Amino acid sequence: MEASVERIFSNELVGMAGHFFQVSSGSPVKLGDAENYVFEVYRNGTPYILRMTHQSHRTKGQVLAELKWIEHLQNNGSEIPKVISSTGNNLVEIVKGLDGTDFYCCLFEKAPGVRMKVTDENFDEHLFFEWGRTIGQLHKKTKSYKPETEYKRLDWHEEELLNAELYQSDVPEQVKHQQELIMKKLNALPVHQDNFGLIHSDIHNGNFHFHEGKIHVFDFDDCSYHWFASDLAIPLYYLIWSLEREGVKELDEYAAKFMREFIKGYETENKLERADYEAIPLFLKLRDLTLYNFFHKKYDLNSGDSQLYKTVQKIERRIMESRPIVHFDAKVIH
């Protein structure tokens, strides 16, 4: 979380938010604080997830748009933790930070099951297939979604993390050049109902639980109007990221194995044209760009000895070389 938001946040605010939803937040367990404050809280012994979003990150309308879409997906059979209304029958409640600015608070059921790590024994083809099937189902169901006009998520091009110059005063020229190329190629892609819509945008293995053979997706905070192929590239991107950290070699081969099963699962629910699958490397490059800008936005990278600095330098090299995190050839999936 940015220092400016940290300064105006306190545990007292968590208690105030919990009061709206009748959950005990006396000893909340913090689960995350990168872009939202996320806590595990309890009501009558049952765990729930309390999320607090500062107005600098999302507007209230954007939060409501996310929650309304989640409700649509739930109502159409998707395995997603439910949004819980407050005692005032509101999906979003507001608490004020120490400077008078707003935090938008909402409550979710906690997804059953556990997170899956790349080192787990059952991180295997069955999981890859179900991972793809789950995303395919979300894409199939989002095609029928017609949001109310006052609830609108961002279009892909409205994402501030597309512009490196917002966060650095001395962006390398080659990074700026590659950023322009990525944007040009994205703008040239076709857009229609069967390849573009409201998507989750972040379904890596940290954003779902696996339970009794099924995947339960959560953390829809990044949902936006985007190409479906982007939702296929994100799992691959973070899978390779995790495998690299574990010291796994032959990543191209692992990526091919993963994508074969992943797309098999995806196509049981939704099918894309070959050109959409062939765009996946472009979306891998896009994730490098947005993650690069995210790190520059959130952290002080002046300390050249830090592991984070080295990570960002590695991403920067890939961007400058126009090289995705892993080689992917759409031929492997059929």
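Residues numbered from 1 in each chain as written. Predicted model: local features only at pLDDT ≥ 70, side-chain atom pairs only at ≥ 80, totals over all residues. Heavy atoms only, no water.

**Side note on helix 10 (residues 307–320)**
The first and last C-alpha atoms of helix 10 sit 20 Å apart over 14 residues, in line with the 20 Å expected at 1.5 Å per residue. Residues of helix 10 that are buried include every one of Thr 311, Val 312, Ile 315, Glu 316, Arg 318 and Ile 319, and no others. On an axial view of helix 10, the arc spanned by its buried residues comes to 160°, and they lie on one face. The inward-facing, buried residues of helix 10 abut helix 5 (173–187), helix 6 (228–245) and helix 9 (280–298). A positive phi of about 55° marks Ser 322, the residue just after helix 10. (Helix = DSSP H or I, 4+ residues; strand = E, 2+ residues; numbered from the N terminus. Expected span 1.5 Å × (residues − 1). Buried < 20%, exposed > 50% of the residue type's maximum accessible area, 1.4 Å probe, protein only. Arc of directions from axis to C-beta. Contact = heavy atoms within 4.5 Å.)

**Topic: the pattern of salt bridges**
Taken as a whole, this structure holds 22 salt bridges when the rule is applied. Across the salt bridge formed by Glu 160 and Lys 297, the nearest N and O atoms sit 2.3 Å from each other. In this pair, Glu 160 is assigned in the loop between helix 4 (125–142) and helix 5 and Lys 297 in helix 9, connecting sequence segments 137 residues apart. Via salt bridges that share partners, Glu 2, Glu 160, Lys 297 and Lys 298 belong to a single interconnected network. (Salt bridge = Lys/Arg side-chain N within 4 Å of Asp/Glu carboxyl O.)

**A closer look at the packing of helix 4 against helix 7 (residues 251–266)**
Orientation of helix 4 relative to helix 7, taken along the N-to-C sense of each, is 45°, at an axis distance of 6 Å. Accordingly, the angle class assigned to the pair helix 4 and helix 7 is oblique. Pair helix 4 / helix 7 crosses with right-handed handedness. On helix 7, the residues touching Glu 125, Phe 128, Phe 129, Trp 131, Gly 132, Arg 133, Ile 135, Gly 136 and His 139 of helix 4 are Tyr 254, Lys 257, Phe 258, Glu 261, Phe 262, Lys 264, Gly 265 and Tyr 266. (Axes fitted to C-alpha atoms, helices over the stretch in contact; angles between N-to-C directions. Parallel < 35°, antiparallel > 145°, perpendicular 65-115°, else oblique. Left-handed = near helix turned anticlockwise from the far one by under 90°.)

**Notes on the packing of aromatic side chains**
This structure, assessed with the given rule, holds 22 aromatic pairs. With a centroid separation of 5.5 Å and 75° between ring planes, the pair formed by Phe 123 and Phe 128 is classed as edge-to-face. With respect to class, Phe 123 is no different from Phe 128; both count as buried. Taking the ring centre of Tyr 48 as reference, the NZ or CZ of Arg 43 above it sits at 5.1 Å. When the ring centre of Tyr 254 is taken as reference, the NZ or CZ atom of Lys 257 above it lies at 4.6 Å. (Phe/Tyr/Trp six-rings, centres within 6.5 Å; stacked < 30°, edge-to-face > 60°. Lys NZ or Arg CZ within 6 Å of the ring centre and 35° of its normal.)

**Some words on the pairing of strand 8 (residues 208–211)**
With four bridges joining them, strand 8 and strand 9 (residues 214–217) adopt antiparallel strand pairing. Along strand 9, the bridge assignment pairs His 211 with Lys 214. (Pairing = 2+ DSSP bridges.)

**Focus: the nonpolar core**
One broad trend across soluble globular proteins is that nonpolar side chains are buried collectively. Counting residues in hydrophobic clusters, the biggest one holds 89 residues, and the most contacted among them are Trp 131, Leu 236 and Ile 280. Per-element accounting of this core gives the leading share, twelve residues, to helix 6. When sequence neighbours within four positions are dropped, the list of residues in contact with Leu 236 reads Ala 255, Phe 258, Met 259, Ile 280, Leu 284, Val 326 and Phe 328. Counting residues in each nonpolar core, the second largest holds 20 residues, with Val 5, Phe 9, Phe 39 and Met 52 among its members. (Core = buried A, V, L, I, M, F, W, Y, C linked by side-chain atoms within 4.5 Å.)

**Quick notes on the environment of Trp 69**
Topologically, Trp 69 is positioned in helix 3 (residues 60–75). Look at Trp 69 and you get buried, because its relative accessible area is 1%. With near-sequence residues (within four places) excluded, Trp 69 lies in contact with Thr 142, Tyr 145, Leu 198, Ile 199, His 200, Phe 220 and Cys 223.

**Quick look at the state of the cysteines**
A full pass over the atoms with the stated rule returns zero disulfides. Left unpaired, Cys 106 is separated from the closest cysteine sulfur, that of Cys 105, by 7.6 Å. (Disulfide = S-S within 2.5 Å.)

**What to know about unusual backbone geometry**
Positive phi values are uncommon outside glycine, yet Gln 22 reaches one of about 55°. If you trace the backbone, Gln 22 turns up in the loop between helix 2 (11–20) and strand 1 (24–32). Gln 22 sits in the exposed class, given a relative accessible area of 54%.

**A word on the side chain of Arg 153**
Structurally, the position occupied by Arg 153 is in the loop between helix 4 and helix 5. In this structure Arg 153 is buried but unpaired, with Glu 66 as the nearest side chain of opposite charge at 4.1 Å. At 2.6 Å, the side chain of Arg 153 forms a polar contact with the backbone oxygen of Asp 221. Engagement of the side chain of Arg 153 in a polar contact is seen with the backbone oxygen of Cys 223, the distance being 2.9 Å. When neighbours within four sequence positions are excluded, Arg 153 is seen to be in contact with Arg 58, Gln 62, Val 63, Ala 65, Glu 66, Leu 198, Phe 220, Asp 221, Asp 222, Cys 223, Ser 224 and Tyr 225. (Lys, Arg positive; Asp, Glu negative; His and termini not counted. Polar contact = N/O pair within 3.5 Å; in protein donor to acceptor, adjacent residues only side chain to side chain.)

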